[in-house]
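As a plain string of letters, each chain reads:
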Amino acid sequence: MRLSPARIALALLAIAAPCLAAGAAAATDLSSHRAAYRLSLDGARSSSDVQGADGAMFYEAVDQCDAWTARQRFTLTVTSRTG
């Protein structure tokens, strides 16, 4: 069975419409957000050269009048088996 381009476009629109509507609704419901995370390596494979990893991640999204500002900081220190 061969579908016409119009039927394919209609099917794609039917699939995408709920996603687009949800995205539009979510955009109006956004509020400023700030999060900070501590990172550490729980375990590594015995064959890996990595012995440990520690760090932090900070993320902030701020509503500033007619635009949004996003900031991210990420630090990670990886320790190998040889130091």
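Residues numbered from 1 in each chain as written. Predicted model: local features only at pLDDT ≥ 70, side-chain atom pairs only at ≥ 80, totals over all residues. Heavy atoms only, no water.

A. Quick look at the overall build of the protein chain. Looking only at helices and strands, the protein chain features one helix and three strands. In the protein chain, the succession of helices and strands from N to C terminus is α-β-β-β. Looking at the protein chain residue by residue over its 83 residues, the buried ones come to 11%. Carbon and sulfur atoms make up 58% of the accessible area of the protein chain, which totals about 7,100 Å². (Helix = DSSP H or I, 4+ residues; strand = E, 2+ residues; numbered from the N terminus. Buried < 20%, exposed > 50% of the residue type's maximum accessible area, 1.4 Å probe, protein only. Areas by Shrake-Rupley, 256 points an atom, 1.4 Å probe, with all protein chains shown as cover.)

B. Spatial organisation of unusual backbone geometry. The backbone of Cys 65 sits at a positive phi, close to 60°, despite the residue not being glycine. Secondary-structure assignment places Cys 65 in the loop between strand S2 (50–64) and strand S3 (67–80).

C. The arrangement of a nonpolar patch on the surface in detail. Taken together, the side chains of Tyr 37, Leu 39, Phe 74, Leu 76 and Val 78 make up a nonpolar region of the molecular surface, amounting to roughly 460 Å² of accessible area. Elements with a contribution of two residues or more to the nonpolar patch: strand S1 (33–40) and S3. When residues in the nonpolar patch are grouped by element, the largest group, three residues, is from S3. On the secondary structure map, Leu 39 appears in strand S1. (Patch = residues over 30% accessible without salt bridge, like charges linked within 9 Å, V, L, I, M, F, W, Y side chains within 5 Å. Salt bridge = Lys/Arg side-chain N within 4 Å of Asp/Glu carboxyl O.)

D. Quick peek at the sheet that holds S1. Strand order in the open sheet formed by three strands is S1-S2-S3, with antiparallel pairing between adjacent strands. Across the chains shown, the open sheet's two edge strands, defined by having one partner strand only, are S1 and S3. If you compare each strand with its neighbour and ignore which way they point, the axes differ by 5° on average. Pairing geometry for S2 and S3, over 14 bridges, is antiparallel. Pairing of Ala 53 across the sheet is with Val 78, part of S3. (Pairing = 2+ DSSP bridges. Axes fitted to C-alpha atoms, helices over the stretch in contact; angles between N-to-C directions.)

E. Representation of the confidence of the model for the protein chain within the structure. Scored by pLDDT, the protein chain has a mean of 78; 65% of the residues are at 70 or more. Model confidence for the protein chain, summarised as mean pLDDT per element, is weakest for helix H1 (residues 5–28) at 61 and strongest for S1 at 91. (pLDDT = per-residue confidence, 0-100.)

F. Main features of the environment of Thr 77. Examined against the element boundaries, Thr 77 turns out to sit in strand S3. The exposure class of Thr 77 is exposed, given its relative accessible area of 53%. Considered as a pair, Thr 77 and Gly 55 are 22 residues apart in the sequence and their alpha carbons are 6.0 Å apart. Other than its neighbours up to four places away in sequence, Thr 77 contacts Gly 52, Ala 53 and Asp 54. (Contact = heavy atoms within 4.5 Å.)

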